[in-house]
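Residue-level listing of the chains:
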Protein chains: 2
Amino acid sequence: MSSTENILSIFALGGVNEIGKNMYAIQFANDIILIDCGSKFPDESLLGIDLIIPDITYLQDNKEKIRGLLVTHGHEDHIGGIPYLLKQLNIPIYATRLTLGLIEIKLKEHGLLGDSQLELINSDSDLHFGEIRVTFFKTNHSIPDCLGIVFQTPEGTVVHTGDFKFDLTPVNNQYPDIHRMAEIGRNGVLVLLSESTNAERPGSTPSERMVGEHIEEAFKKANRKIIISTFASNVHRVQQIVDASLKTDRKLALLGRSMVNVVSVAMEQGYLTVPEGMLIDAQEINSFAPEKVTILCTGSQGEPLAVLARLASSNYRDVEILPEDTVIFAASPIPGNERNVTKIIDNLYQLGAKVIYGSGSSTGMHVSGHAYQEELKLMLTLMKPKYLIPIHGELRMLHHHRSLAESVGIEKENTFIISNGDVVDVKESEARQTRKIPSGNIYVDGMGVGDVGNIVLRDRKQLAEDGMLVIVVTLSKAERKIISGPDTISRGFVYTRDSDNLIKEVNRLVVTAIKELQEVNRHQWSVMKQNIKKSVGQYLYSKTKRKPMILPIIIEL
Amino acid sequence: MSSTENILSIFALGGVNEIGKNMYAIQFANDIILIDCGSKFPDESLLGIDLIIPDITYLQDNKEKIRGLLVTHGHEDHIGGIPYLLKQLNIPIYATRLTLGLIEIKLKEHGLLGDSQLELINSDSDLHFGEIRVTFFKTNHSIPDCLGIVFQTPEGTVVHTGDFKFDLTPVNNQYPDIHRMAEIGRNGVLVLLSESTNAERPGSTPSERMVGEHIEEAFKKANRKIIISTFASNVHRVQQIVDASLKTDRKLALLGRSMVNVVSVAMEQGYLTVPEGMLIDAQEINSFAPEKVTILCTGSQGEPLAVLARLASSNYRDVEILPEDTVIFAASPIPGNERNVTKIIDNLYQLGAKVIYGSGSSTGMHVSGHAYQEELKLMLTLMKPKYLIPIHGELRMLHHHRSLAESVGIEKENTFIISNGDVVDVKESEARQTRKIPSGNIYVDGMGVGDVGNIVLRDRKQLAEDGMLVIVVTLSKAERKIISGPDTISRGFVYTRDSDNLIKEVNRLVVTAIKELQEVNRHQWSVMKQNIKKSVGQYLYSKTKRKPMILPIIIEL
């Protein structure tokens, strides 16, 4: 990127063509401002991978230009990559109180808290980085303290919505600041980056308050223990669970590390009001009458190691789910988690529990935190941008968002559907998308960041599907004769009485392959290994229709 | 099972607590009649497994009592296990014309067609097996020619619904025979086995005819090629696609092996009417104007090797998807397939296609073939059984079905929620569930049936998540010294510059472990291998937080 030109550039390092690992950047001249740094959970094809974070090669190559990271809110897909970013680039982080609290938990776990520059901001903050002025506006989402961001640059104004919905009857006064948004729009917006999660859904998402009403109703009907699970970070919903417990005279136990962590931060900072004496420990649950207890726990997405899964399989030390207990899923399964969730529901039925579950609309126990089509159109109408870059969504969602923009008067060619790494350059108020910078997925596996790549994953896939066969042969260097082996060991391949004959034939093929090469006086290991792989592989496929990994090991003595 | 007592027994070998591999049995005295023999697709935790079929140990132990297999309809979860059953037990199979046609395709693929006893029946058939009389009734479902079955035994009447819905405006006159059902109920039903797939859904499933109207509408709007995908076996829907093509003056190309197979059988046997000259080959598509072509293809569930996935990734020889082509998903994704389907949708947007997708209710392009709650209540009301055994569903669905039965007057304790292998015995019109017979999942992997068990799967899981490390050492028997190695080879574990140091340390640990044992003069391989595994495993976990499979191979010369 030629830094002598004073152009405005906008790009994503994560978050477009995907849900997760959001990371966006605004650059003007020699100043880069980052927005969010999220992580993403791998799908099942990425065997053994724990987490995906954005590739920040471009930022490392331009580290002297980076002025800071602005964080819109405290969800994993916006903050999960921060510890990994800070290990590479020590830059200041700007966020609101709750968001900072959640980031601090993360940094502590990575031993990074002491060295980090954390800057507290609020919706009235006013920051300047080079020629870019940054201000904010309040939005409403499924976690408190969310921000939209306004970048005033010499080229014009860029607005980033963060994640939002328009909940006009929010819990805990988390109103979206529509007047401020109108003012921003009136002053002129050149480029709007707006989230697209629910661009496929017609209408408007219901208010969080509706969930509270349904929770209260269910609590009143329950005549024994209540076990309720939701996203720990949905502080609004947690507040409503606290309120319903208060109204039905129940104590509240919090189970699960992230639930305890987030609730503590939210209480400390005044986002959550829990009456004195309401909270009890897991060990105290059994000392209260069942109709006097609410358990709020992690695991609403069916995570196999979280509390709800363990309760459902009677595998949690302090508490047992008993017949007539009520279990409430106050969250809809995220696509990909359905099977894990339904397994838990089945286990709960087995225990005799009453289970309230299903998509949000059917039980009223969940509403989305992301704007539906009518709300996206409202944001577009308020901001009246010349250009739209739909972000935070898979490709079809971005396309739907473009159609919505068209319907409120934004020309189709003024919506840029970009990929991670595509750069939109703005010069003299004209935007063009022509360049690309490095971008991609970095895999976190255990303690390794980026050390698992395509070769390792390809091997894992083969091992996962058909297992492997190790064949060891020792040859004498002098006489070129087999002095030990072939010894064959299989794992994940076959394990039956029949496999004896299979293995015998494999060994015979190995001996043949070695002899053939010796006769023509070729003795290279690589050729020998290739021939063994080929003849054994063909034989095994013909007998089993499987393709295990074949690993010949030849030792020469 | 004591065969001297003339009791009536009912059990499932597959299909309860799961969706898939349906297989039920009715036994009276020494006569066993089987109902359906389905297969099930594995979820992603069953690495490398192709198919799951029922364990038929009990049937093999009682083979002289088995009189035949009755098949309710031609879906995979009802016929997919038949080839594997016939390889063990050569018994007669009774099914209607289309169902037999689909079974024949399967048997041909397994080279079993010549030896099989296939008996054509229809809804008027009347069979006798020992003291059991078997009659049938017509039902409606998402494939033609479906049957419910009535078993009249000395103990009373047992009814098996098969899969059904009540579509009162069906395509191709596939009416459910409500009058016959009423008559069966009037004559008294002791036990009803009724399917539970949609027991969680309130209301009634819409008519298949509604889908036809939406298809026609979409066809009229399309101004270039139409690519439409649905289940090949949904002959009703295929008929409506044919009809819409006719009305909009389009030729029809069938792509995908199962689509071609099923449509051929359905046409041959008169279930599907396709006008002369309408069908064209894949190679002919490009010789017609785009607005004159419909492509009907497999892959609506996102199967990576099916036609639709290949078209979407521009990887199909004869046809290309071009901008403004219309692609219609005339099927909802089955739970677990959502991610594969959305990947394809995104690829189609990338190609510029118009894509019509989404859950059936939102696009009108799919309706379920399974009864919703009001329809299940109608079946219960028509049959008025004393006992209900809810079948064909996961546990929560069976529980919902029990609640529905209670709401129409069947006492809660008269609904038996059973597992595969549980036997319900009826004596003097009283049913009790006390015994269990062997049952379970048999895994098909390539050509192997039942040779992949828990050990192989556990190994595959470890290999999949963290890969493996093979360590080869050669020892001299005489001097007990290392004469070659350790040589370490990893696959699916790490693959970076850093791994050199890791491997060096591993080799050092192996040498230490061997020497320690030699000093105390213990030289057993198993102890040596255990020690190597332990010390290398601990080291690698401390460095990487990964647990690869460690495979020490010790050669003594």
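Per chain, residues are indexed from 1 in the order of the written sequence. The order in which chains are written sets their letters, starting at A; the order in which ligands are written sets their numbers, starting at 1. Side-chain atom pairs in this predicted model are given and counted only at pLDDT of 80 or more, local residue features only at pLDDT of at least 70, and totals for whole chains, interfaces and linings cover all residues. Computation of side-chain values covers all heavy atoms of the structure but excludes hydrogens and water.

Attention shifts here to the overall build of chain A. When its secondary structure is counted, chain A shows 16 helices and 26 strands. Taking the principal axes of its C-alpha atoms as reference, chain A extends roughly 90 × 70 × 45 Å. The buried label goes to any residue with under 20% of its type's maximum accessible area, the exposed label to any with over 50%, and the partly exposed label to all in between, with areas taken from a 1.4 Å probe on protein chains only. Out of the 557 residues belonging to chain A, those deemed buried represent 59%. Taking as baseline every contact in chain A between residues at least 6 positions apart, the subset at least 24 positions apart corresponds to 72%. Accessibility throughout is a Shrake-Rupley quantity obtained with a 1.4 Å probe, and a residue counts as covered only by protein chains that appear here. With an accessible surface of roughly 22,600 Å², chain A has 47% of that area assigned to carbon and sulfur atoms. Here chain A carries 60 positive and 68 negative side-chain charges, and the mean point of each set is 7 Å from the other. The helix count covers DSSP runs of H or I at least four residues long, the strand count covers runs of E at least two residues long, and both are numbered beginning at the N terminus. Any two residues whose heavy atoms approach within 4.5 Å are treated as being in contact. His is not counted, nor are the chain ends; Lys and Arg add positive charge and Asp and Glu add negative charge. Where a charge sits is defined by one atom per residue type, namely NZ (Lys), CZ (Arg), CG (Asp) or CD (Glu).

How big an interface is tends to be reported as the loss of accessible area on association of its parts. Split by domain assignment, chain A resolves into domain 1 (8–203 + 368–449), domain 2 (208–363) and domain 3 (458–556). For the domain bounds, the source is a domain assignment made automatically or taken from a database. Placing a centre on the C-alpha atoms of domain 1 of chain A and another on those of domain 3 of chain A gives a separation of 53 Å.

This part covers the interface of chain A and chain B. Contact residues are listed per partner, giving 60 residues for chain A and 60 residues for chain B. Roughly 5,200 Å² is buried in total at the junction of chain A and chain B, and carbon and sulfur atoms are behind 60% of that figure. Throughout, buried area stands for the accessible area (probe radius 1.4 Å) lost by two parts on being put together, summed over both. Among the residues of chain A in contact with chain B, A:Arg339, A:Arg396 and A:Met447 are the three that bury the most area, contributing 12% of the side total. Throughout this description, the term salt bridge denotes a Lys or Arg side-chain nitrogen within 4 Å of a carboxyl oxygen of Asp or Glu. Linking chain A to chain B there are ten salt bridges. Taking the shortest distance from any N to any O, the salt bridge between B:Asp445 and A:Arg546 comes out at 3.3 Å. Two N or O atoms form a polar contact when they lie within 3.5 Å of each other; inside protein one atom must be a possible hydrogen donor and the other a possible acceptor, and for residues adjacent in sequence the pair counts only when both atoms belong to side chains. Run the count over chain A and chain B and you get 20 residue pairs in polar contact (both at pLDDT 80 or more). Elements that contribute at least two residues to the side of chain A that touches chain B include exactly helix H10 (338–350), helix H13 (395–407), helix H14 (454–466), strand S24 (468–475), strand S25 (482–491), helix H16 (525–544) and strand S26 (549–556) of chain A. Per-class residue counts for the side of chain A that touches chain B are 26 nonpolar, 15 polar and 19 charged. In this classification, the charged set is Asp, Glu, Lys and Arg, the nonpolar set is Ala, Val, Leu, Ile, Met, Phe, Trp, Tyr, Cys and Pro, and all remaining amino acids, among them Gly, are polar.

Further remarks concern the pairing of strand S10 (residues 146–153) of chain B. All names here are of chain B. Most of S10 sits inside the fold, with seven of its eight residues counted as buried. Following DSSP output, two strands are said to pair if at least two bridges run between them. Inspection of the sheet shows strand S9 (residues 132–139) paired to S10 by seven bridges, in the antiparallel sense. Opposite Thr139, over in S10, you have Cys146 as the bridge partner. The sheet contact formed by S10 and strand S11 (residues 156–160) spans five bridges and is antiparallel.

A few words on the environment of B:Lys461. Residues and elements named next belong to chain B. Summarising the element assignment, Lys461 is placed in helix H14 (residues 454–466). Classification of Lys461 by relative accessible area gives partly exposed; the value is 46%. C-alpha of Lys461 to C-alpha of Ile53: the two residues are 408 residues apart in sequence and 21 Å apart in space.

The next subject is the pattern of salt bridges. Within this structure, the stated rule accounts for 54 salt bridges over all chains. The partner of A:Glu324 in a salt bridge is A:Lys354, and the shortest N-O contact between them spans 3.6 Å. Taken as a pair, A:Glu324 in the loop between helix H9 (307–312) and strand S17 (326–329) and A:Lys354 in strand S18 (residues 354–356) lie far apart in primary sequence, 30 residues in all. Taken together, the shared-partner salt bridges connect A:Glu200, A:Glu394, A:Arg396 and B:Asp346 into one network.

To continue, consider the relation of the copies chain A and chain B. Rotating chain A by 180° about the axis while translating it 0.1 Å along that axis superimposes it on chain B, leaving an RMSD of 0.1 Å. On the angle and the small slide along the axis, the relation comes out as a two-fold axis. Of every C-alpha in chain A, the one belonging to A:Ala464 sits nearest the axis of rotation, 2.3 Å from it. Comparing contact sets, 100% of the residues at the interface of chain A also lie at the interface in chain B, consistent with an isologous, same-surface contact. A residue counts toward the fit only if its pLDDT is at least 70 in both copies, and the copies are then superposed by least squares on the C-alpha atoms of those residues.

Residue and element names in this part refer to chain A. Summarising the sheet, strand S20 (residues 422–427) and strand S21 (residues 430–436) pair through six bridges and their orientation is antiparallel. Looking across to S21, one finds that Asp425 is bridged to Arg432. Connecting S20 to the next strand, S21, in antiparallel fashion are two residues, including Glu428 with a positive phi near 45°.

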